[in-house]
Amino acid sequence: MAPILQINDLKKTYKGGFEALKGVTLDIEEGEILALLGPNGAGKTTLISTICGITMPSSGSVTVGGFDTVAQYRQARSLIGLVPQEINLEPFETVWNTVRLTRGLFGKSRDDAALEKILRRLSLWDKKDSKTKELSGGMKRRVLIAKALSHDPKVLFLDEPTAGVDVELRKDMWDIVADLKRDGVTVILTTHYIEEAEAIADRVGVINGGKLLLVEDKTALMARMGQKQLTIELREPLASVPAGLAEFDLTLAQDGAALVYTYDTKQDRTGITALLSALSGAGIGLRDISTRQSSLEEIFVGLVKESAA
Amino acid sequence: MKLTAVWAIYRYEMTRFFRTLLQSFISPVISTSLYFVVFGTAIGSRIQEVEGVSYGAFIVPGLIMLSVIMQSISNASFGIYFPKFIGTIYELLSAPVSFLEIVAGYVGAAATKSLFIGVVILGTASLFVDLTIQNPLAMIAFLVLTCVSFSLMGFIIGLWAGNFEQLQLVPLLIVTPLVFLGGSFYSISMLPPFWQTVTLFNPVVYLISGFRWAFFGLADVPIGISLMAISGFTALCLGIIWWIFRTGWRLRD
Ligand SMILES: Nc1ncnc2c1ncn2[C@@H]1O[C@H](COP(=O)(O)OP(=O)(O)O)[C@@H](O)[C@H]1O
Ligand SMILES: [Mg+2]
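Residues take numbers from 1 onward in each chain, read along the sequence in its written order. Following the order in which they are written, the chains are lettered starting with A and the ligands numbered starting with 1. Only residues with pLDDT of at least 70 are given local features in this predicted model, and only at 80 or more are side-chain atom pairs given and counted; all residues enter the totals for whole chains, interfaces and linings. Side-chain figures throughout are based on the complete set of non-hydrogen atoms in the structure, without hydrogens or water.

Participant: Hey, could you run me through the overall build of chain B in this one?
Facilitator: Only DSSP runs of H or I covering at least 4 residues are called helices, and only runs of E covering at least 2 are called strands; the numbering of each starts at the N terminus. Looking only at helices and strands, chain B has 10 helices and two strands in total. Sequence-ordered secondary structure for chain B, helices as α and strands as β, is α-α-β-β-α-α-α-α-α-α-α-α. Radius of gyration here is computed from C-alpha atoms only, and the compact-globule reference equals 2.2 Å multiplied by the residue count raised to the power 0.38. Since a compact globule built from 253 residues should have a radius of gyration of about 18 Å, the 19 Å found for chain B is in line with a globular shape. Counting only C-alpha atoms and orienting by the principal axes, one finds that chain B spans roughly 60 × 40 × 35 Å. Here the term buried applies to any residue with accessible area under 20% of the maximum for its type, exposed to any over 50%, and partly exposed to those in between, with areas from a 1.4 Å probe on protein chains only. Taken across its 253 residues, chain B has 53% of its residues classed as buried. Here the analysis covers contacts within chain B between residues at least 6 apart in sequence; of these, 79% occur between residues at least 24 apart. Counted as positive: Lys and Arg. Counted as negative: Asp and Glu. His and the chain ends are not counted at all. Think of each charge as sitting on NZ of Lys, CZ of Arg, CG of Asp or CD of Glu. Mean positive and mean negative side-chain charge positions of chain B (11 and 9 charges, respectively) differ by 10 Å. Contacts: residue pairs with any heavy atoms within 4.5 Å of one another.

Participant: Where do I start with the site of ligand 1 in this structure?
Facilitator: Lining the immediate environment of ligand 1, one finds Y14, F18, A20, P39, N40, G41, A42, G43, K44, T45 and T46 of chain A together with D253 of chain B. In these notes, residues near a molecule or strand are those with any non-hydrogen atom within 4 Å of it. Each of chains A and B places residues next to ligand 1. Between ligand 1 and the protein, one listed contact pairs an oxygen atom with a backbone N or O atom of G41 of chain A at 2.7 Å. Note that accessible areas follow from Shrake-Rupley with a 1.4 Å probe, and for residues the cover is restricted to the protein chains shown. Notes on ligand 1: free accessible area 560 Å², of which the protein chains cover 65%. Top element by residues in the shell around ligand 1 is helix α1 (residues 44-52) of chain A. It accounts for three residues. Whenever a nitrogen or oxygen atom comes within 3.5 Å of another N or O atom, the pair is scored as a polar contact, on the condition that within protein one atom can donate a hydrogen and the other can accept it, and that pairs from neighbouring residues in sequence are kept only if both atoms are in side chains.

Participant: How should the nonpolar core be read in this particular structure?
Facilitator: Here is a general trend for soluble globular proteins: nonpolar side chains tend to be buried in one another's company. L5, I7 and F157 of chain A together with I64, F155 and F245 of chain B are the most contacted members of the largest nonpolar core, which totals 141 residues. Those residues within four positions of F157 of chain A in sequence are excluded, and the remaining contacts are L5, I48, I51, C52, I80, G81, L82, V83 and I188 of chain A. In this description, a nonpolar core means a group of buried Ala, Val, Leu, Ile, Met, Phe, Trp, Tyr and Cys residues linked to one another through side-chain atoms lying within 4.5 Å. Membership of the second largest hydrophobic core comes to 12 residues, among which are I232, L234, F248 and L275 of chain A.

Participant: How should the sheet that holds strand β13 (residues 258-264) of chain A be read in this particular structure?
Facilitator: Pairing between the strands of a sheet is mediated by backbone hydrogen bonds and can be parallel or antiparallel. Residue and element names in this part refer to chain A. A strand pair is defined by DSSP finding two or more bridges across the two strands. Judged by pairing direction, the sheet is antiparallel, and its four strands sit side by side in the order β12-β13-β11-β14 without closing on themselves. Because the sheet does not close on itself, it has two edges, and the strands there are β12 (250-253) and β14 (286-293). With strand direction ignored, the average angle separating the axes of adjacent strands in the sheet is 25 degrees. Angles run from 0 to 180 degrees between N-to-C directions of axes, and those axes are lines fitted to C-alpha atoms, restricted for helices to the stretch in contact.

Below, the structure written as structure tokens:
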């Protein structure tokens, strides 16, 4: 099946001359959850705005469901729901009216039952007659999601949905996204929290300086880039790594009370067996051993550093 | 054109109006009554008649135009400036709607509000003076066209304005003087010849003249020219708005 979203060499230069997107190419399959990970100013919001019609692309093209977002904007935009980064709501309007407005704007006929379902799912039903200014920050964010879902979009953009949101609400948001995935909605979310991408995404794209540095299956990414560390706690502290163990990638830690062995999980031979027998051969007693997988965060920091260099 | 989207915008804009319906009703009633106290009674007692019409009745069309023009501009400019100001404009820009649908929704709502106020003023005025309307159809047509065209103009101002000062600037510096000097309270023929010529460059003169013709059958300029003027003005505003949406000027970066 053709990807639901196709971005081809998309570039955006703002009026001041700043190039915020330097040629982004990306295909997104229907039903997947893609996390776009990048520091502030990476171009995440610009990418979303250019796809959704809030800014115009300088060059390149985007199709949604096969429709060009500029030439066939009606068909393309009908498929898209957008939850913006900023909480933009009319303060004196009720939740119900504002959600209803969005549905109408997207050309869908009035359907109170559908809106009720959306509001209930987002725990907003008892707030439907409240003015949006009376709601808490988290509730406002939910209203924005309800608006974006009001016309049954096939693709949902969530621009930093959990920025400045407390831990509980963040977990809530993750549940909502998982729910949407079950319904077959394609979700593209931006974040600068790595644990968020790690927790909910199928694929992760890393963006910095207006360029997509990589897009990869989350688990594959972690396996490919993932290094593991084996920490060996010693009975007797060492002053330095013994010369007999020089062939291993070892560093001393905890003031010599532990040795840290770094190895690559993708290699067939990790060298652990050899290391352990070399240790016992050298007469070094072990107290405990543990391993740790490097997180997406370390991968991410490494990539961004590389691209800056 | 997708009517669902137009209706969604229209309805949404009108709910704000209905929330303050009483206020929207009372303020034109009070201001019209004040005008009659000042102009109709104080000045009118000295002027008596203009071209066979009592001065009190003579100022009614101008009075309605004055309010309707100012209301159309402020309603429409605020209507589109507000979403820009609070950021909800993202929704319009990302919706599958054309510029015509957005304009029809916002301008339609703004024009409806000022039409309502025009009718309230007419009703209030009829309590003070005897009014007979010679060409009711022409009167309604002029009123509606004025509401629409000046709402279009207000919409442009709202799109253009970058802050609240700019939002007030055009109405204050350009529209108010043009409207006051447009013959609301006097006939052009009462002016010295030089000023009569100058006045013909004021587009509002054509509106008020045409509107007054619909009431009393007397006009400063021929009715055909009045009609052409207002149609031309409407077309000009539509053209400017079309250009704004096509280029994204002040809307899309
Ligand atoms: N309207 C604009 N005009 C000029 N520059 C902009 C505009 N919007 C964003 N930028 C710049 O483009 C870059 C990317 O911004 P943005 O897409 O908001 O990043 P992110 O969402 O990843 O934090 C930033 O350097 C920002 O300053
Ligand atoms: Mg952003």
